[in-house]
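# Descriptive structure summary
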Amino acid sequence: MAALVRALRAGHGAGRALRVLPRVLAPHCDQKCMFHGAVLRLQDESKCDKAASATASATHHVHHDFQQAPPEDAVSEQTSDEGHRPSSSFQEQSGEQDEEYETEEQLQARILIAALQFVPVHGWSMEAIAAGAESLGLSSASTGMFTGAGDLVLHFIAHCNSQLIQILAEQQKQVQLGQAEPKKTADFLKDAVETRLRMYAPYIDTWPQAMSLLLLPQNIPEGLKLLSSLVDDIWYYAGDRSTDMNWYTKRAALTGIYNTTELVMVQDSSPDFQETWDFLHNRIQDVVNMASTAKQVQSTGEAVVQGLVGAAVTLKNLTGINQRR
Amino acid sequence: MAASIKLFARRILRDFRRNVYISASGVSPGSIHCRAAQSCRCLSHEAGGRSTHFGFETVLEEEKAKKVYQVFENVAQKYDVMNDAMSLGIHRLWKDLLLHAMNPQPGARLLDVAGGTGDIAFRFLEYIKSQEDKMRRREVKAMQTPSWQEISAKYSEEQGAEPQESGAVVCDINKEMLKVGKEKADSMGITSGLSWVAGDAEELPFGDDEFDIYTIAFGIRNVTHIEQALLEAQRVLKPGGRFMCLEFSKVSNPILSKIYDAYSFQVIPVLGEVIAGDWKSYQYLVESIRRFPDQEEFKTMIEDAGFYCVSYHNLTGGIVALHSGFKL
């Protein structure tokens, strides 16, 4: 099931169709803008809502990939600000070589990433998003593109998830190349969850506000999607290829561990969150012990039942009730 | 008195019959007026400029602006009262919804075109004030136990005002409407942050990239060249700025549509005559609503003007639509 979803993920990433628009870099481009607008109308006709609804109808993994790609693009855009994109035929046609194009979603992703630096001051709120937009040179009215501060939190979580995937994939490559030892499952889970939760460290003071935003009814579906995709990815990279009930029990267990550790981290005041990592270690040990305990209980139960049956047969033999002499 | 009432009743019946004839026979709305008007126009004018719609009539484009000016000149004094009477006060909710959707941040500059009596601008200023109060209260609460770094930072920072003060500019082509708006502002005691400018929506007297938010509430259907107004909006908005338009639109529900049509054509002109003493202006008003493009078409027009992330919300079942677009 996970493999099928991954195949979908690869296919969808290539076929993302979004409208492009000229970047803010060239402000006096009325004529060019109109021309671009006209040509782009002939191209893909999809706006923010349509793109969002299209991805919502796909599986959560596909949505996860969609969320993954814009932050990656946003990061690469920020690093290569004046670089040239591979010119499409449209660009050659218009002769504009110094204008960069990005989609509406990429611009929204850029605004949200810029807003993160204002979160310690304004909290997870529309003011932070407005400050982020202003730092990019856009008017604060562009916050109207976002339905609420929940958008900021969800985008940040998706961004952290994609960073974690990159780290885990890198580690897996190292193991496959033989440059690193494969970790035991318990250690792998502990490291993965710790890496992921450390990304919250700069915002830990305002994280309770973010968690409360995630519990708003309009943000719950998206939040659950991101959480389930995170847990699924961690288990995948831990080497889980189960196809039976174990798939569900493993993910449920890790979801419980992750959520409780997050709660402990929010109120942890020890240096470098040491108490949180100890708590995490203990919870993972509990789960591992529980798995082996369950097996022991089952075999013990079977043995006990066999013993009882044997005792009953012996009793019947002794008292002469047993007909089969 | 009895004679005038009889005259009045006869006039209502005549118009009622005319309206029923128009809607029942499915004749194109302009034809009846057109035939009479065109015959006399051919004698007086050359076949010169293009024609456009003025309610259900057809007029030359140059004339439409003048006729619209006359309409609003006549209704300016009783404009607010008539709004309340015709929409049963619901127009206040529509305008409040516009402000909530806008969610302006402190420091934002608003341009309210066809703002006339200033409803949107007043609400904008109130909203900004309450936002600033909230921010100040939050700051005070956070400052209860300042760390030494915060105290030293406070001493070192310069005592400067906000980088940009929020303010609203009300622009209207009609000086009578602006006069009424100014009187309202004076009576409400609003002194700063508000300015009144006379200007044409198709040719705004402002420079490029000046405003954060451009609103036009119940005004764009009166503009002769809507595309031109949209392009002007694109021009005066800052990058990232938002275009918001509140306008009467098509009702999709057939039952509601019938009730709405009956109310529009039978009740509203009568109210206009009784309260403002002007039947024809309010007849023009309801007819111009019918001639305005529907939600999807208007959305396409906004996109063609160069706005992105264009969306609309139907209010009151589609009677009013709130369109929003961004200059990115």
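## Things to note about the overall build of chain B
The number of helices and strands found in chain B is twelve helices and nine strands. When burial is assessed residue by residue, chain B has 47% of its 328 residues classed as buried. With the model as given, the accessible surface of chain B reaches about 16,700 Å², and the carbon-plus-sulfur share is 56%.

## As for the overall build of chain A
Within chain A, the secondary structure is distributed over 14 helices and two strands. Looking at the 325 residues of chain A, the share that counts as buried comes to 44%. Considering only intrachain contacts with a sequence separation of at least 6, the fraction spanning at least 24 residues in chain A is 72%. Summed over its atoms, the accessible surface of chain A is roughly 17,200 Å², and 58% of this surface lies on carbon and sulfur atoms.

## Comments concerning the environment of A:His159
Tracing the chain through its elements places A:His159 in helix 9 (residues 149-176). With 46 residues separating them along the chain, A:His159 and A:Ile113 place their C-alpha atoms 9.0 Å apart.

## A word on unusual backbone geometry
At A:Asp272, a residue that is not glycine, the phi angle is positive and equals roughly 55 degrees. Relative to the elements of secondary structure, A:Asp272 occurs in the loop between helix 13 (245-266) and helix 14 (274-319). Phi at B:Asn103 takes a positive value of approximately 45 degrees, unusual for a residue other than glycine. Within the secondary structure layout, B:Asn103 lies in the loop between helix 5 (90-102) and strand 3 (109-113).

## Comments concerning the side chain of A:Asp268
Residues and elements named next belong to chain A. Residue position: Asp268 is located in the loop between helix 13 and helix 14. Comment: no salt bridge for buried Asp268; closest opposite-charge side chain is Arg198, at 9.3 Å. Within the structure, the side chain of Asp268 is placed 2.5 Å from the side chain of Thr276, a separation counted as a polar contact. Among residues more than four places away in sequence, those in contact with Asp268 are Phe273, Gln274, Glu275 and Thr276.

## Describing the packing of aromatic side chains
All names here are of chain B. Considering all chains together, one arrives at 20 aromatic pairs over all chains under this definition. Seen from their ring centres, Phe54 and Tyr284 are 4.2 Å apart, and the 15 degrees between their planes marks the pair as stacked. Remark: Tyr284 occurs in helix 11 (residues 279-291) and Phe54 occurs in strand 1 (residues 51-54); sequence separation between them is 230 residues. For the residue pair Phe54 and Tyr284, the accessibility class agrees, reading buried in each case. An angle of 55 degrees between the planes, with centres 6.3 Å apart, marks the rings of Phe72 and Tyr79 as tilted.

## Section: the pattern of salt bridges
Residues and elements named next belong to chain B. Counted by the stated rule, this structure contains 23 salt bridges over all chains. A salt bridge links Asp84 to Arg92; the nearest nitrogen and oxygen atoms lie 2.6 Å apart. On the basis of relative accessible area, Asp84 is assigned to the partly exposed category, the value being 24%. Its salt-bridge partner being Asp209, residue Lys327 comes within 3.0 Å of it at the nearest N-O pair. With a gap of 118 residues between them, Lys327 in the segment after strand 9 (320-326) and Asp209 in the loop between strand 5 (194-198) and strand 6 (211-217) connect regions that are remote in the sequence. Accessibility expressed as a relative area gives 28% for Asp209, which makes it partly exposed.

## With respect to helix 12 (residues 220-237) of chain A
All names here are of chain A. Across its 18 residues, helix 12 extends 26 Å between first and last C-alpha, which sits within 8% of the 26 Å expected from 1.5 Å per residue. The complete set of buried residues in helix 12 reads Glu222, Gly223, Leu226, Leu227, Ser229, Leu230, Val231, Asp232, Asp233, Ile234, Trp235 and Tyr237. Phi turns positive one or two residues past the end of helix 12, at Gly239, with a value near 100 degrees.

## Description of the sheet that holds strand 4 (residues 167-172) of chain B
Within a sheet, neighbouring strands are paired by backbone hydrogen bonds and run either parallel or antiparallel to one another. Residues and elements named next belong to chain B. Taken in spatial order, the seven strands make up an open sheet running 5-4-3-6-7-9-8, and their pairing is mixed. The sheet is open, and its two borders are formed by strand 5 and strand 8 (308-315), each paired with just one other strand. Neighbour-to-neighbour, the strand axes of this sheet turn through a mean angle of 15 degrees, independent of strand direction. Sheet topology note: the strand 3/strand 6 ladder contains four bridges and is parallel. Considered in strand 6, the bridge of Asp112 is made with Thr215.

## Considering the nonpolar core
Residue and element names in this part refer to chain A. In terms of nonpolar packing, the biggest core is built from 59 residues, with Ile111, Trp124, Leu152, Phe156, Tyr200, Trp207 and Ile234 touching the most fellow members. For this core, the element with the most residues is helix 9, which contributes eleven residues. In this structure Leu152 touches Leu112, Ala115, Leu116, Val119, Trp124, Ser125, Ala128 and Ile129, once residues within four positions along its chain are discounted.

## Some words on the environment of A:Phe273
Counting through the fold element by element, A:Phe273 comes out in the loop between helix 13 and helix 14. When the C-alpha positions of A:Phe273 and A:Ala201 are compared, they lie 8.9 Å apart, and in sequence the two are 72 residues distant.

## Digging into the confidence of the model for chain A
A residue-level look at chain A finds 68% of positions with pLDDT of 70 or above and a mean pLDDT of 77. Scored below 50 in pLDDT, residues 7-99 of chain A shows 141 contacts in the model against residues more than four places distant or in partner chains.

## Examining the packing of helix 9 of chain A against helix 10 (residues 185-198) of chain A
Residue and element names in this part refer to chain A. Between helix 9 and helix 10, the least distance of the axes is 10 Å, while the angle of their chain directions is 140 degrees. Here helix 10 runs oblique to helix 9, going by the angle between their axes. For the crossing formed where helix 9 meets helix 10, the hand is right-handed. Touching Ile157, Cys160, Asn161, Leu164, Ile167, Leu168 and Gln171 of helix 9 are Phe188, Ala192, Thr195 and Arg196, all from helix 10. Of the residues contributing to the contact of helix 9 with helix 10, the split by class is seven nonpolar, three polar and one charged.

## Quick word on the pairing of strand 9 of chain B
All names here are of chain B. Of all seven residues in strand 9, seven are buried, a share of seventy percent or more. Across the two faces of strand 9 the burial is the same, with Val320, Leu322, Ser324 and Phe326 and Ala321, His323 and Gly325 all buried. Pairing geometry for strand 7 (residues 237-248) and strand 9, over seven bridges, is antiparallel. Across the sheet, the residue bridging to Leu246 is Leu322, located in strand 9. For strand 8 and strand 9, the ladder comprises six bridges, and the chain directions are antiparallel. By the bridge assignment, Tyr308 is partnered in strand 9 with Phe326.

## Looking at the pairing of strand 1 of chain B
Residue and element names in this part refer to chain B. Covered by surrounding structure in strand 1 are Thr52 and Phe54 only, the residues Ser51 and His53 on the alternate face being uncovered. As paired strands, strand 1 and strand 2 (residues 57-60) are joined by four bridges and run antiparallel to one another. Bridge pairing in strand 2 places Phe54 opposite Glu57. Adjacent in sequence and paired antiparallel, strand 1 and strand 2 are bridged by two residues, among which Gly55 carries a positive phi angle near 65 degrees.

## Section: helix 11 (residues 207-214) of chain A
Residues and elements named next belong to chain A. Among all positions in helix 11, only Trp207, Ala210, Met211, Leu213 and Leu214 are buried. Viewed along the axis of helix 11, the buried residues span an arc of 155 degrees, placing them on a single side of the element. Along its buried surface, helix 11 packs onto helix 9, helix 12 and helix 13.

Reading the values: rules and limits
Residues numbered from 1 in each chain as written. Chains lettered and ligands numbered in written order. Predicted model: local features only at pLDDT ≥ 70, side-chain atom pairs only at ≥ 80, totals over all residues. Heavy atoms only, no water. Helix = DSSP H or I, 4+ residues; strand = E, 2+ residues; numbered from the N terminus. Buried < 20%, exposed > 50% of the residue type's maximum accessible area, 1.4 Å probe, protein only. Areas by Shrake-Rupley, 256 points an atom, 1.4 Å probe, with all protein chains shown as cover. Contact = heavy atoms within 4.5 Å. Lys, Arg positive; Asp, Glu negative; His and termini not counted. Salt bridge = Lys/Arg side-chain N within 4 Å of Asp/Glu carboxyl O. Polar contact = N/O pair within 3.5 Å; in protein donor to acceptor, adjacent residues only side chain to side chain. Phe/Tyr/Trp six-rings, centres within 6.5 Å; stacked < 30°, edge-to-face > 60°. Expected span 1.5 Å × (residues − 1). Pairing = 2+ DSSP bridges. Axes fitted to C-alpha atoms, helices over the stretch in contact; angles between N-to-C directions. Core = buried A, V, L, I, M, F, W, Y, C linked by side-chain atoms within 4.5 Å. pLDDT = per-residue confidence, 0-100. Parallel < 35°, antiparallel > 145°, perpendicular 65-115°, else oblique. Left-handed = near helix turned anticlockwise from the far one by under 90°. Nonpolar A, V, L, I, M, F, W, Y, C, P; charged D, E, K, R; others polar. Arc of directions from axis to C-beta.

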